[in-house]
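Structural description and commentary
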Amino acid sequence: MTLKQWELDLAQWVQPHNIRRNESLKKYTMTKLGGKADLFVLPATEEQAAAVVKYAYEHKIPLLMLGNGSNMVVRDGGIRGIVIHFALLNEVRIEGNHVFVQSGALIKEVSKMVAAQSLTGFEFACGIPGSIGGAMAMNAGAYGGEVKDIVTSCTVLTPEGEQIVLTNEQLELTYRKSIIAKKGYYVLSATFQLTSGDQQEIDAKIADLTHQRESKQPLEYPSAGSVFKRPPGYFAGKLIQDSDLQGKGVGGAEVSTKHAGFIVNKDNASATDYIETIKMVQKVVKEKFNVDLEMEVKIVGED
Ligand code: FAD
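Residues numbered from 1 in each chain as written. Predicted model: local features only at pLDDT ≥ 70, side-chain atom pairs only at ≥ 80, totals over all residues. Heavy atoms only, no water.

A look at the packing of aromatic side chains
Each pair of aromatic rings is reported with the distance of its centres and the angle of its planes. Condition: Classification of ring pairs uses Phe, Tyr and Trp, with its six-membered ring standing for Trp, and accepts pairs whose centres are within 6.5 Å; under 30 degrees between planes counts as stacked, over 60 as edge-to-face, and the remaining range as tilted. Only protein chains enter the accessibility calculation, which uses a 1.4 Å probe. A residue is then buried if its area is under 20% of the maximum for its type, exposed if over 50%, and partly exposed in between. Geometrically, a lysine NZ or arginine CZ counts as sitting over a ring once it is within 6 Å of the ring centre and also within 35 degrees of the ring normal.
Tallied over the full model, the rule gives four aromatic pairs. When the ring of Phe 122 is compared with that of Phe 124, the centres are 6.2 Å apart and the planes differ by 10°; the resulting orientation is stacked. The exposure class of Phe 122 is buried, given its relative accessible area of 1%. Here the aromatic cluster, defined as three or more aromatic residues joined through ring pairs, consists of Phe 122, Phe 124 and Phe 192. Between Arg 93 and the ring centre of Phe 100, over which it is positioned, the NZ or CZ distance is 4.4 Å.

Below, the structure is given as structure tokens:
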């Protein structure tokens, strides 16, 4: 089957302007690097999303789910097959203490919306730049809070395109892991339970967390956030700092001088620069401290 045929077939369900051929993924990832997707598809409804997933499954076409691209590095050769992106599925409904959110809404925006309704529990997410779908898949967390603490259910599509609802327990949420990533599910929406809080306290907490983030993280440069998971008994950033790696890197990529856990795209880095910098950090930390740094960021695509 040709790319043209995929396009024609998908146009049965998805509006043609939401099906894009050879789309550069630089603009959809926060590292601002990497190659193109053969086909980039933006479903406008959950039914369209299910149709695309079923189509890819039935025709054995590789399908990659891209959230807000804040934890993903796309290799320079780009992605063969279809990249599906849920940015148009972004409804947010607040009903009492319950919040229903579609996958493409940004978690930090939701955090602010619920805060404005004096609901507490979502403050930890006020600076996390991912989508709800990505946050569910990664069990995103910060400053002592994580998605696991507040999610009640999550509606997903299976790789075959069937819709199922998972409870908090069924989501198997642990440190940056979930059943979603394990089984290759596609998140359509999630429901969260919050509690009524004091508006001043909520606002103060958000202001404090925002200040902590802005003062410690190199938000002025494109990056994928913390590149490595916290190794048991250590902090990745401290190991990297103590390895004297800050300011070092390959090509246009560099270990941040502000936060050693971040690798920034300092000067038109390629994905190869970024990935080689990751490998260099892993090698030096292993040699110096005998600690294996496991990646938190997802590297996808072809060289
Ligand atoms: P993407 O990066 O697009 O994808 C990440 C993974 O999730 C991929 O495997 C992708 O396939 C999968 N995925 C995305 N959407 C869906 C979906 N709808 N269904 C199924 N799978 C999906 N993370 C934290 O946990 N805490 C932080 O404090 C934090 N701070 C950050 C700060 C900066 C400056 C940056 C750049 C990143 C930071 N991150 C942090 C990382 C990132 O924001 C989170 O991991 C976020 O949850 C990823 O969401 P995303 O939508 O961007 O996912």
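Thoughts on the layout of surface pockets
Threshold: For each structure, a 1 Å grid was placed over the protein atoms alone; sets of points admitting a 1.4 Å probe that cannot get out are labelled cavities, open sets with protein on both sides within 12 Å along at least five of seven lines are labelled pockets, and lining residues have an atom within 4 Å of a point. Grid points are joined across faces, edges and corners, and a volume is the space filled by probe spheres set on the points. Strands here mean DSSP runs of E at least two residues long; helices mean DSSP runs of H or I at least four residues long; both are numbered from the N terminus. Basically, the charged four are Asp, Glu, Lys and Arg, the nonpolar ten are Ala, Val, Leu, Ile, Met, Phe, Trp, Tyr, Cys and Pro, and anything else, Gly included, counts as polar. Domain limits in this description derive from either an automatic procedure or a database domain assignment.
The computed volume of the second largest pocket comes to approximately 150 Å³. Residue lining of the second largest pocket: 13 residues in total, with Arg 176, Lys 177, Ser 178, Ala 181 and Lys 182 positioned closest to the centre. When residues of the lining of the second largest pocket are traced back to their parent elements, those giving at least two are helix H4 (132–138) and helix H5 (179–183). Among the elements that make up the lining of the second largest pocket, the one with the highest residue count is H5 (three residues). Residues of the lining of the second largest pocket, tallied by class, amount to five nonpolar, two polar and six charged. Taken domain by domain, the lining of the second largest pocket gets at least three of its residues from each of domain 2 (92–201) and domain 3 (218–300).

Things to note about the domain arrangement of the protein chain
What counts here: By definition in these notes, contact holds between two residues if any of their heavy atoms fall within 4.5 Å. A side-chain nitrogen of Lys or Arg and a carboxyl oxygen of Asp or Glu constitute a salt bridge if their distance falls within 4 Å.
Under the domain assignment used here, the protein chain contains domain 1 (3–85), domain 2 (92–201) and domain 3 (218–300). Its C-alpha centre places domain 1 at a distance of 23 Å from the equivalent point of domain 2. Opposite the 13 residues of domain 1 that make contact, domain 2 presents 16 residues. At the boundary of domain 1 and domain 2, one finds zero salt bridges.

Some remarks on the site of the ligand
Our working rule: What makes a residue near a molecule or strand is one non-hydrogen atom of that residue sitting within 4 Å of it. Throughout this description, a polar contact denotes any pair of N or O atoms lying within 3.5 Å of each other; where both atoms belong to protein, one of them has to be capable of donating a hydrogen while the other can accept it, and for residues adjacent in sequence the pair is counted only when both atoms sit in side chains. Every accessible area reported is derived by Shrake-Rupley at a probe size of 1.4 Å, with residue values counting cover from the shown protein chains alone.
In the vicinity of the ligand lie 34 residues, with Met 65, Ser 70, Asn 71, Ser 131 and Gly 141 positioned nearest. The separation between an oxygen atom of the ligand and a polar main-chain atom of Gly 69 is 2.9 Å. Measuring from a nitrogen atom of the ligand, one finds a backbone N or O atom of Val 187 at 2.8 Å. Its free accessible area being 960 Å², the ligand has 92% of it covered by the protein chains. Those elements that place two or more of their residues in the shell around the ligand are strand E3 (63–66), H4, strand E9 (141–142), strand E13 (186–193) and strand E15 (223–226). A per-element tally of the shell around the ligand places H4 first, with five residues. Considered class by class, the residues forming the shell around the ligand number 17 nonpolar, 14 polar and three charged.

Some details on the nonpolar core
Nonpolar side chains tend toward joint burial in soluble globular proteins. Note the threshold: Among buried residues, those of type Ala, Val, Leu, Ile, Met, Phe, Trp, Tyr and Cys that are joined through side-chain atoms within 4.5 Å constitute a nonpolar core.
Counting 32 residues, the largest nonpolar core has Phe 122, Ile 132, Met 136, Val 147 and Phe 192 as its most contacted members. Among the elements of the structure, strand E7 (98–102), helix H3 (107–115), H4, strand E11 (151–157), H5 and E13 are those that each provide at least two residues to this core. Tallying contributions element by element places H4 first for this core, with four residues. Sequence-distant contacts of Phe 192, defined by excluding residues within four places in its chain, comprise Asn 97, His 98, Val 99, Val 101, Phe 122, Ile 132, Met 136, Val 147, Ile 150, Val 151 and Thr 152. Counting residues in hydrophobic clusters, the runner-up holds 23 residues, among them Val 73, Ala 224, Val 227 and Ala 269.

Describing the sheet that holds strand E2 (residues 36–41)
Rule in force here: Paired strands, in this sense, are two strands between which DSSP finds at least two bridges. Axes, fitted as lines to C-alpha atoms, cover a helix only where it is in contact. Angles between the N-to-C directions of the axes lie from 0 to 180 degrees.
Taking strand neighbours across the sheet as the criterion, the four strands line up as E1-E2-E5-E3 in an open arrangement whose pairing is mixed. Because the sheet does not close on itself, it has two edges, and the strands there are strand E1 (19–24) and E3. In this sheet, neighbouring strand axes are inclined to one another by 35° on average, regardless of whether the strands run parallel or antiparallel. Note: E2 against strand E5 (residues 79–85), four bridges, orientation parallel.

Looking at the environment of Glu 287
With respect to the secondary-structure elements, Glu 287 resides in helix H8 (residues 271–289). Taking the C-alpha atoms as reference, Glu 287 lies 17 Å from Gly 249; in sequence the two are 38 residues apart.

Focus: the pairing of E11
Taken across its seven residues, E11 has six buried, putting it largely inside the fold. Pairing of E11 with E13 involves six bridges; the strand directions are antiparallel. The residue of E13 that forms the bridge with Ser 153 is Thr 191. Where E11 lies against strand E12 (residues 163–167), five bridges are found, and the strand directions are antiparallel.

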